[in-house]
Amino acid sequence: MASFPVSMNRLFTNVWVCMSCNAKMRSSPGTSPPKCRKCGSKRFRQKNKQKKA
């Protein structure tokens, strides 16, 4: 699968993953969301980039 810079930015920029329930959500640049919509947790990590095969 080819990787295009525009699509990679859309998929991985400003996307956060809840460490409790793995829900994905977007936030403004440089800040994590205040709390998870699904479980209410405040623990987030940024979405990992896809590994090259």
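For the structure, see preceding data.
Thresholds, definitions, all that
Residues numbered from 1 in each chain as written. Predicted model: local features only at pLDDT ≥ 70, side-chain atom pairs only at ≥ 80, totals over all residues. Heavy atoms only, no water. Pairing = 2+ DSSP bridges. Helix = DSSP H or I, 4+ residues; strand = E, 2+ residues; numbered from the N terminus. Axes fitted to C-alpha atoms, helices over the stretch in contact; angles between N-to-C directions. Buried < 20%, exposed > 50% of the residue type's maximum accessible area, 1.4 Å probe, protein only. Contact = heavy atoms within 4.5 Å.

### Overview of the sheet that holds strand β3 (residues 44–46)
No. 1: As summarised here, the arrangement of the 3 strands in space is β2-β1-β3, forming an open sheet in which the pairing is antiparallel. With partners counted over all chains shown, the strands left at the sheet margins are β2 (24–26) and β3, one partner each. With strand direction ignored, the average angle separating the axes of adjacent strands in the sheet is 40°.
No. 2: As judged from the 3 bridges shared by strand β1 (residues 15–18) and β2, these two strands associate in the antiparallel manner. Opposite V17, over in β2, you have K24 as the bridge partner.

### Considering the environment of M25
No. 1: Examined against the element boundaries, M25 turns out to sit in strand β2.
No. 2: According to the relative accessible area criterion, M25 is buried, its value standing at 5%.
No. 3: Between the alpha carbons of M25 and C36 there is a distance of 8.2 Å; along the sequence they are 11 residues apart.
No. 4: Beyond its immediate stretch of four places on either side in the chain, M25 contacts N14, V15, W16, P33, K35, C36, R37 and F44.

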